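Letter by letter, the chains look like this.
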Amino acid sequence: MKKIASYALGCKVNQYESEAIAELFAEKGYEVVSIDEEADIYVINTCTVTNFGDKKSRQLIRKVKRQNPDAIVAVVGCYAQTAPKELEAVEGVNLVIGTKDKGKIVELTEQYRKEQGVCNYVTEIMHERTFEPLSIQKLANRTRAYLKIQDGCSQFCSYCIIPYARGPIRSREPQEVLEEVHRLAENGFREVVLTGIHVASYGKDRKDTSLLEMIRAVHEVSGIARIRFSSIEPNVVTEEFAKTMAELPKVCDHFHLSLQSGCDKTLKEMNRKYDTEKYRQAVALLRKYLPDAAITTDIIVGFPGETEEDFKKSCAFAEEMAFSKIHVFPYSPKKGTPAAERKDQLQNSVKQERSHILMGIAEKMTEKFLQAHMGKEMPVLFEREVEEGIYEGHTTNYMKVHAKSEKNLANRIVPVKLTTWEGETAWGELTE
C-alpha cells in the first residue's frame, strides 16, 4: 500500500483542504501518514501571507525530500499560485498545482513520471468564477469540524497578496454545505465552524443565499449543538445580523471581528472598507444583543508610515473595544502588494517594540475578560484529556477551560462553575 502525507501551512481553509486531499488519496487505497514519516507522495499546501510563510514552505519541501528522496512532492496552495516559477526552482519539487484543481491531485500525481521533471499545472485564478467542490466525509477524533463554504477575496487590502492567490469570491452551493453538515452530525460532531478565505462574502456572487441565511439553515440541522464562523468585518454587523445571532441558540457568542488598526489614517492606507466609527457601532450592536460575547481581533503594528501618534490611537481604540483577545502581527512586507512598494517602511526594532507594547495591553484585556466570568456556571464542550483526569474544552464564548473528572468528558457539553484562571486558561468544577 502506497503512503501519502498531506500537510497544510497557514490558515484553517488550508487545513480543511489538506484533510480533504488526504481523504481523496485514502479513497483510492493509499495509507495516510504523518508529514514526519516516510511517504511515497507528499502534498504540501503552502501559505504566502508573509515572506516567512514562503520560507517555511521551502523548508518543508527540503525536509520531506530528505525523508524520502524518491518521493513525489506536490506543492499546492497560495504560494504555488503566486510564485510557481520560484517553486519550480526549489530542488525536490515534482508538481506545482496552485489553488485550483486540488480535486484532481490523485490523478495528477499518479500520472506523473520522474522523467517529466517539474510539472506546472498553475492556471489563471483571477478568471475563476466557480467554487471547487472539496469536501470531507470523515474526520477522526475531533469535536469541532471546520467546513469550507467560500473561497476567494475581492477586498484588495494594500498589504495582502491573498486576492491574487485565491482569485475572486466564490460561494459553495447551499445544498452541498448542508449535506456536509448532516454528515458531520451523523459522525458525532457537536460543533461546526463555517470557514472561508473571506467568509463574510458568502453568497454575494449568488442570488439565492447569504451568510446569514446559511447560518439559519445550518442551525436547523439536528445533532449540531454549536455553530461558529471564521473572521468577519464590521460592515457585516447590521442590527438584523446581531439580532439574529442572539435569536439562534446554537450560534456561539464569540466573534472574530477583524480590525487591523485602530487609527483611521492607517485603515484608509490599508484600503480597509470601514473606519473606527463603523467598527465601534458593530461592537456596540453585538454587545447590545449578546452582552457576554467575546470579541477577538487581529491588529497589525508598524504598517508603513505609522507614526507614534497613529500607534497610540490604535492602542487606545483597542482598549476602548475591550477585546477578549488580540492577535498582534508586526507588519511584514509582501512582494507584489502596494504597501510593500512604499518608501516609508519602519525599522524592525520599532515594529517589535510596538508589538511588545500592544501584547502587554492585550494580556491585561484577556485577564479582565476571564476575571469577569469567575463564579459563573457555563456550558463547556470538552474536546480532549490533556493529562490524566484533566479535560480541556471551550465555553460558547471561546474561553479555554480545564476541569477534573473521573468520567470521560470528550465530546460532551457539561455545565462548569469557573473558579480561577492561569494565563489564558480558566479552571472550573463540574456542577452535574
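Look a little higher up for the structure.
Anyway, here's the lowdown on the structure attached to this text. (Residues numbered from 1 in each chain as written. Predicted model: local features only at pLDDT ≥ 70, side-chain atom pairs only at ≥ 80, totals over all residues. Heavy atoms only, no water.)

A separate point is the overall build of the protein chain. Each helix and strand in the protein chain was counted, giving 14 helices and 18 strands. Over its C-alpha trace the protein chain gives a radius of gyration of 22 Å, about what one expects of a compact globule, namely 22 Å for 432 residues. Considering only C-alpha atoms, the protein chain reaches an extent of 65 × 60 × 45 Å along its principal axes. Evaluated residue by residue, the protein chain yields a buried proportion of 54% over its 432 residues. Taking as baseline every contact in the protein chain between residues at least 6 positions apart, the subset at least 24 positions apart corresponds to 73%. (Helix = DSSP H or I, 4+ residues; strand = E, 2+ residues; numbered from the N terminus. Rg over C-alpha atoms; globule rule 2.2 N^0.38 Å. Buried < 20%, exposed > 50% of the residue type's maximum accessible area, 1.4 Å probe, protein only. Contact = heavy atoms within 4.5 Å.)

Attention now goes to the packing of helix α12 (residues 308–321) against helix α14 (residues 348–372). Where α12 contacts α14, the axes come no closer than 10 Å and their chain directions differ by 10 degrees. Looking at the two axes, α12 sits roughly parallel to α14. Where α12 crosses over α14, the two elements pack in a sense that is right-handed. Between α12 and α14, the residues in contact are E308, F311, C315, A318 and E319 and R354, I357, L358, I361 and M365, respectively. (Axes fitted to C-alpha atoms, helices over the stretch in contact; angles between N-to-C directions. Parallel < 35°, antiparallel > 145°, perpendicular 65-115°, else oblique. Left-handed = near helix turned anticlockwise from the far one by under 90°.)

Not every positive phi belongs to a glycine, and A322 is a case in point at roughly 50 degrees. By the element assignment, A322 lies in the loop between α12 and β13 (325–330). You will see that N411, though not glycine, has its phi angle at about 70 degrees, which is positive. You can see N411 is positioned in the loop between β16 (400–404) and β17 (413–422). Owing to a relative accessible area of 24%, N411 belongs among the partly exposed residues under this scheme.

Before going further, it helps to spend a moment on the environment of E309. Looking at the secondary structure, you find E309 in helix α12. For E309, a relative accessible area of 48% corresponds to the partly exposed category. Sequence separation between E309 and R228 is 81 residues; the distance between their C-alpha atoms is 36 Å.

Further remarks concern the sheet that holds strand β14 (residues 377–387). If you trace the 5 strands once around the closed barrel, you get β14-β15-β16-β18-β17, paired in mixed fashion. Across the sheet, the axes of successive neighbouring strands diverge by a mean angle of 50 degrees, strand direction being ignored. (Pairing = 2+ DSSP bridges.)

Glancing now at the sheet that holds strand β12 (residues 294–301). Read across the sheet, 3 strands follow the order β11-β12-β13 without closing on themselves; strand pairing throughout is parallel. One side of each edge strand has no neighbouring strand; the edge strands of this open sheet are β11 (254–256) and β13. Across the sheet, the axes of successive neighbouring strands diverge by a mean angle of 15 degrees, strand direction being ignored. Across 3 bridges, β11 lies against β12 in parallel orientation.

This paragraph deals with the pattern of salt bridges. Per the counting criterion, the structure on display carries 37 salt bridges. Notably, a salt bridge pairs E17 with K102, separated by 2.9 Å at the nearest N-O pair. Remark: K102 occurs in the loop between β5 (95–98) and α5 (105–111) and E17 occurs in helix α1 (residues 12–27); sequence separation between them is 85 residues. The exposure classification of E17 matches that of K102, with both residues buried. The residue E239 makes a salt bridge to K288 at a minimum N-O spacing of 2.7 Å. A residue pair is termed long-range when its members are at least 10 positions apart, and E239 in helix α9 (residues 239–247) and K288 in helix α11 (residues 276–289) qualify at 49 residues. One network of salt bridges, with partners in common, ties together E17, K102, K148, D151, R166 and R170. (Salt bridge = Lys/Arg side-chain N within 4 Å of Asp/Glu carboxyl O.)

Let us look at helix α7 (residues 174–186). An α-helix turns once per 3.6 residues; consequently, residues spaced three or four apart project the same way. Along its 13 residues, α7 runs 19 Å from first to last C-alpha, staying within 8% of the 18 Å computed at 1.5 Å per residue. Buried residues of α7: P174, V177, L178, E180, V181, L184 and A185, and no others. Down the axis, α7 shows its buried residues gathered within 160 degrees of arc, on one side only. Taken together, the buried residues of α7 touch α1, β7 (144–151), β9 (191–196) and α8 (211–219). After α7 finishes, the residue G188 shows a positive phi value of roughly 95 degrees. (Expected span 1.5 Å × (residues − 1). Arc of directions from axis to C-beta.)

A separate point is the pairing of strand β18 (residues 425–430). Within a regular strand, the side chains alternate between the two sheet faces. In this sheet, β18 lies alongside β16 in parallel orientation, the contact comprising 4 bridges. What sits directly across from V401, in β18, is A426. Pairing of β17 with β18, which is carried by 6 bridges, proceeds in the antiparallel orientation. Paired with V416 across the two strands is L430, which belongs to β18. The antiparallel hairpin formed by β17 and β18 contains 2 residues in its connecting segment, where G423 sits at a positive phi of about 65 degrees.

Read these as layout, nothing more, since geometry by itself doesn't imply function.
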